Structure formats: structure tokens, C-alpha cells
Amino acid sequence: MPVTLSFFGGQNEIGGNKILIDDGDTRLFLDFGQSFGFEGRYFDYPFLTAGEINDLELIGAIPQIKGLYCTEGKQAEYDDSGFIGLSGESERRAVSAVLISHAHLDHVGYLGLLRPDIPIYGSRITKHFIRLRREMFDTWQMKYDHESFHELEDGEQISIGSARVTHIRIDHSIPGASAYIIEMCGLKIGYTGDFRLHGRRPELTKNFIHTAKDAGIDYLLCEGTRIESVIEPVTPDQEVESHGMPSEEAVQSKLTEILSDASGLVVYDASPADMDRMEMVIETAKSFGRDVVIDTKKAYLTEGINEIAEYYPNLMDFYRCHLLLSRKKQRPVVRDGYPPRSKRKKETDEEYERYLSIFETQREYPNLFIETYEKGRLKYEKSIM
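Every value quoted in this text rests on a predicted model; they were computed, and no experiment measured them.

Here is what the cut-offs are and how they apply
Residues numbered from 1 in each chain as written. Predicted model: local features only at pLDDT ≥ 70, side-chain atom pairs only at ≥ 80, totals over all residues. Heavy atoms only, no water. Core = buried A, V, L, I, M, F, W, Y, C linked by side-chain atoms within 4.5 Å. Buried < 20%, exposed > 50% of the residue type's maximum accessible area, 1.4 Å probe, protein only. Contact = heavy atoms within 4.5 Å. Helix = DSSP H or I, 4+ residues; strand = E, 2+ residues; numbered from the N terminus. Pairing = 2+ DSSP bridges. Axes fitted to C-alpha atoms, helices over the stretch in contact; angles between N-to-C directions.

A. Geometry of the nonpolar core. Counting 52 residues, the largest nonpolar core has Phe-32, Leu-68 and Leu-111 as its most contacted members. Ignoring anything within four residues of it in the chain, the contact list for Leu-111 reads Phe-32, Ile-100, Ile-120, Ile-130, Gln-141 and Tyr-144. Val-3, Leu-99, Ile-182 and Met-184 belong to the second-largest nonpolar core, a separate cluster that totals 19 residues.

Here it is, written out as C-alpha cells:
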């Protein structure tokens, strides 16, 4: 059987990559990302969201392939009073493996839908990054078995059925990004995932380009968000006009200009996953003697990635930054009489007295906002604090 390619996302849209390579014996998915475009047509986050796998199948956001999902072919049945049982037949595993390019949601956002016996492959940092994100945002679409994720080193080659897979690091705005060269039935197929040459580690992407050239690949599956139809060379001014900034160096130059002219507060906002940019912002702000305020998500991701890879050594001292915490109201448990000491941990007399003070104040002034410190915060917030 010849090798076939099936695209279930990622074409005529940004992200949502789900590409199936099949030679009749081995079936590999390249990424299994969330399709924001499909979901946006039918749902309105946060007011209306998909609640189960069937919701996503019905709108065409995920492929209808038997033996792919963790529901294993079973479906709940209902009558007018509610659940009555299951229907459907158990399905055999339909896919050999999933190769993950990087940890952006439009490439990994539907991993939790997959059967736990489908192995997932990607870089060590990608696996770790997904775990860190889940500790901050635990959604049902991302609840997959971490034991099924197998870490790959740069340049490592593995065999999956009839396929020979080479894993190669590339540069992207998120750490741990990967590209692949897949050999099946005498064909060599390259998959870039998201990559860039204008970032802070262009040598990684250049290495993939040279490796793919030396391998003599037959087909290249390439992201095309910024591919132009213009053949003539573009001037730097035209590049800036069409895309905002041509490179990270240009971004840093603009940032330096802004900080040189600004006399007050400067606000930077971007995805917590773009730690290259965060590193640049902090370094530049420090060079101007400015105080830097960083939110808990960026701090938690940075600490987590540095724990395993020291990928951002210049951010190891980010503790010199101020930590921005969202305001959350302290909510003591209201009972008759006075609250007992906590059974979950041993409280000191000082902690108990502080809690009693909050309890008495809120009983007398129930509408008064008293800000919390740790109680009521998410686990990752407590960790970084």
C-alpha cells in the first residue's frame, strides 16, 4: 500500500494540526492540536464550551476514526430520567503513535482525547511544559496519561512499526520545539512543526534545514503562517509593515526605544509560553534600572523549565522581580460559634488568631473585601509564592 497523507486540521487555518501518515501497517499522527477555528464557530468561551469528545466530533474539530479516542467506542445512553447504560462495541487501537512538535495548544490541545495506549513522542521539555501547563489550567481535553509520553533527545532515531523517525530540535517561541524526518516505504517525509529563523536560536532551525537536505527528503510538510506569494525581495520597512517586526533583534531594539522614552509604567503582554521574549524584556528592563513585575504563570513556567534543562540561565535570578498576584477574597468557613483549628495541618497560635480575626471581621462586615494570601489559591500559585 502506498503512503497516504490525511489532513484533519492545520490547512486553511492557523494551527489545529492533526496530520495522519499511513502506509497500511503503521499510522502516525503528526500533532493532535486544538482547532480554535472550528470551536469558535459553535462555542463561545467561557460561556459555552465543548463538554465531551462527541461535541468535537459533531462539529468536525476532530477526525471520526474508530479506535482513536479514550472512550474506546462506547457511548452513554439516556432516557427521560437520565443515564441508563452504555452502547457500542470496544475498538482496537487504530494509531501507532503521535509525534508532537511543540507544546502550543494548537498542536497538543486535544491529547487528552486519545487512548492511553497510544504512545506519544516529543522532546523532554515539551513533555515537562505540558505538565506545567496542566498544573495551571487543568482541562478535560488535556488530561492524558503522562506515562504514555516518551521523551526524545536531539538527533535520536526510533522505529515505530514500519517507520523510522528522526527527532531534531528547532527554534520557536516556545522551548523544546521539534521537527521530524519520517522514513516509510522508501519515502522520506519532513515535518517542520512551527519553526523560525528570526529568533534567538536560529542555529537549531538551520541544523534541521541542513539535515533535511542531506537526508534527501521527498516531501516537506511545512507551516505556512507567514509564507508570502511575493517573489520580489522585501525591504525591512515592508517587512515591518506586513508583519510588525522582522526579528527578535528588531523587537529588542523597539523595546529599548520605548524604555528610553517612557517616564512611567510600561506594560508588556504576551503568552506565558514565549519565554524567549520574557527573558528579553526582563534583561532590557534591568539594563534601564527598572523594577520588573512578573505574573505567577510566567514565573512558574520559567522555574519549571529551568528545573530540568536550565534553558534560561539568565532568568535564574528572576526572583529579583516583583511577583504580581491576582486579588482573591479570603473566605473563611462560617459555622455556628468559632471555627475549630484546621484538621489538615498543624496551625500555630499566631495563624489561628489571624484566622479568628478574619472570621470575626467578616461576620460583622460580610461585604468587606479581605485579601487572601495562600488560602483559596491554586496549587501552582502557592508553589511559586
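B. Inspection of the pairing of strand 11 (residues 178-184) at higher detail. Most of strand 11 is tucked away, with six of its seven residues classed as buried. Relative to strand 11, strand 10 (residues 163-169) runs antiparallel, the two being bridged by six bridges. Across the sheet, residue Ile-168 finds its bridge partner in strand 11, namely Ala-179. Relative to strand 12 (residues 187-191), strand 11 runs antiparallel, the two sharing five bridges. Opposite Met-184, over in strand 12, you have Leu-187 as the bridge partner.

C. The sheet that holds strand 1 (residues 4-7), seen in detail. A sheet is described by the order of its strands in space; here six strands give the open sequence 1-2-3-6-7-8, paired in mixed fashion. The open sheet is flanked by strand 1 and strand 8 (149-152), the only strands paired with a single partner. Each strand of the sheet is rotated relative to its neighbour by a mean of 25°, with strand direction disregarded. Strand direction decides the pairing type here: strand 2 (residues 19-22) and strand 3 (residues 27-30), joined by four bridges, are antiparallel. Bridged to Ile-19 within strand 3 is Leu-30. The strands touched by helix 4 (residues 124-136) within the sheet are strand 7 (120-123) and strand 8, with strand 8 carrying the most contacts at an inclination of about 140°.

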